[in-house]
Amino acid sequence: MNLPNKLTLLRILLVPVFMVLAGMTQYGAAGWQPGWYLAAGAVFALASFTDFLDGYLARKWKMVTDFGKFADPLADKLLTTVAFLYMMRDGVCSLWVVALILAREFAVSGVRMLAASSSTVIAANMWGKVKTVLQMLTILFYFFAAALAGPADVMAVSLISSALCWLVALATVFSGGIYLWQNRACFMQAK
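Residues numbered from 1 in each chain as written. Predicted model: local features only at pLDDT ≥ 70, side-chain atom pairs only at ≥ 80, totals over all residues. Heavy atoms only, no water.

Asker: Explain the layout of surface pockets to me, please; I cannot follow it from the model alone.
Answerer: The volume enclosed by the largest pocket comes to roughly 760 Å³. In terms of lining, the largest pocket is formed by 39 residues, of which the most central are Asp51, Arg59, Asp72, Asp76 and Lys129. For the lining of the largest pocket, the secondary structure elements donating two or more residues are helix H1 (3-22), helix H2 (34-60), helix H3 (66-89), helix H4 (95-117) and helix H5 (126-148). For the lining of the largest pocket, the leading source of residues is H5, giving nine residues. No other element matches the eight residues that H3 contributes to the lining of the second largest pocket. Looking at the lining of the second largest pocket residue by residue, the class counts come to 11 nonpolar, three polar and four charged. (1 Å grid on protein atoms, 1.4 Å probe; cavity = no way out; pocket = protein on both sides within 12 Å on 5 of 7 lines; lining within 4 Å. Points joined across faces, edges and corners; volume = space filled by probe spheres on them. Helix = DSSP H or I, 4+ residues; strand = E, 2+ residues; numbered from the N terminus. Nonpolar A, V, L, I, M, F, W, Y, C, P; charged D, E, K, R; others polar.)

Structure (structure tokens):
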């Protein structure tokens, strides 16, 4: 297994670590502990950096593999979906946003499975990468803002995070629509 694929696996392994840290407290609730948000944000930042690094190294060293094309987007989906679920729990991300994100990811995964049944691997397109970066930046903003803001700033952090979540929803729907349109041949060939 090459280094880019190991970095992808590391990102997958960091998901439960992030979950434990994010689950230790709830933003704005009684007993809220900002240190847990800082730790969760740091783990999320490290995992997000591996996303950039594994892709960069795979292209630079010409180590792009079918495993990487499959596992890299899966690792991203796991990491970001879990984070948005915690943001929904905290009341800063709407159920509608999370539902749109999940629907897009299931639809894209379905197309990838159809393509794989005919031995075709479909890599993420540019719009999917833009969507992922926007998701990661939104999550990073929330977790670090939740850690660094005082109790009086709860409303401001919540409003900004909520607006960013809706921006993510728009990018998610847009990128999903483009992906499905570009790969519509997979539907036509399905039996």
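Picking up after the structure, the text goes on.
Asker: How should I be thinking about the packing of H2 against H5 in this particular structure?
Answerer: Packed helices, taken two at a time, are described by their axes: the angle between them and the distance between them. At a minimum axis distance of 7 Å, the contact between H2 and H5 shows a crossing angle of 155°. The angle between the axes of H2 and H5 places the two elements in the roughly antiparallel class. Classified by chirality, the crossing of H5 by H2 is left-handed. Residues Pro34, Tyr37, Leu38, Ala40, Gly41, Ala42, Phe44, Ala45, Ser48, Asp51 and Arg59 of H2 lie in contact with H5, whose contacting residues are Lys129, Thr132, Met136, Ile139, Leu140, Tyr142, Phe143, Phe144, Ala146 and Ala147. Of the residues that constitute the contact of H2 with H5, the class distribution is 15 nonpolar, three polar and three charged. (Axes fitted to C-alpha atoms, helices over the stretch in contact; angles between N-to-C directions. Parallel < 35°, antiparallel > 145°, perpendicular 65-115°, else oblique. Left-handed = near helix turned anticlockwise from the far one by under 90°. Contact = heavy atoms within 4.5 Å.)

Asker: Hey, could you run me through the environment of glycine 31 in this one?
Answerer: Along the chain, glycine 31 falls in the loop between H1 and H2. In sequence terms glycine 31 and methionine 63 are 32 residues apart; their C-alpha atoms lie 47 Å from each other.

Asker: Any chance you could explain unusual backbone geometry here in plain terms?
Answerer: Backbone geometry follows two general trends: most residues other than glycine have a negative phi, and most peptide bonds adopt the trans configuration. Of note in the backbone geometry, lysine 62 takes a positive phi value of approximately 55° without being a glycine. Among the structural elements, lysine 62 can be located in the loop between H2 and H3. Residue class for lysine 62 comes out exposed when judged on its relative accessible area of 74%. (Buried < 20%, exposed > 50% of the residue type's maximum accessible area, 1.4 Å probe, protein only.)

Asker: Even after reading the chapter, I still don't get the pattern of salt bridges, so can you show me in this structure?
Answerer: Pairing between side chains of opposite charge can happen when the charged atoms of each approach one another. For the coordinates displayed, the defined rule picks out eight salt bridges. A salt bridge links arginine 11 to aspartate 54; the nearest nitrogen and oxygen atoms lie 3.0 Å apart. Highlighted residues: arginine 11 in helix H1 and aspartate 54 in helix H2, separated in sequence by 43 residues. Residue arginine 11 shares its accessibility class with aspartate 54, and that shared class is buried. Within the structure, one salt-bridge network assembled from shared partners comprises Arg11, Asp51, Asp54, Asp72 and Asp76. (Salt bridge = Lys/Arg side-chain N within 4 Å of Asp/Glu carboxyl O.)

Asker: How should the nonpolar core be read in this particular structure?
Answerer: For soluble globular proteins, nonpolar side chains are generally found buried alongside one another. Core analysis: the biggest nonpolar cluster contains 36 residues, and Phe18, Phe84, Met87, Tyr142 and Phe143 have the highest contact counts within it. In terms of residue count, H5 provides more of this core than any other element does, eight residues in total. Ignoring any residue separated from it by four or fewer positions in sequence, one finds methionine 87 in contact with Val92, Cys93, Thr138, Ile139, Tyr142, Phe143 and Cys165. If you look at the next biggest cluster of nonpolar residues, it comprises six residues, including Val108, Ala115, Tyr179 and Cys186. (Core = buried A, V, L, I, M, F, W, Y, C linked by side-chain atoms within 4.5 Å.)

Asker: Explain the confidence of the model for the protein chain here, please?
Answerer: Detailed reading of the predicted model is not advised wherever pLDDT is low. Considering every residue of the protein chain, the mean pLDDT works out to 91; 98% of them sit at 70 or more. Per-element confidence in the protein chain ranges from a low mean pLDDT of 74 for helix H7 (residues 185-189) to a high of 96 for H1. (pLDDT = per-residue confidence, 0-100.)

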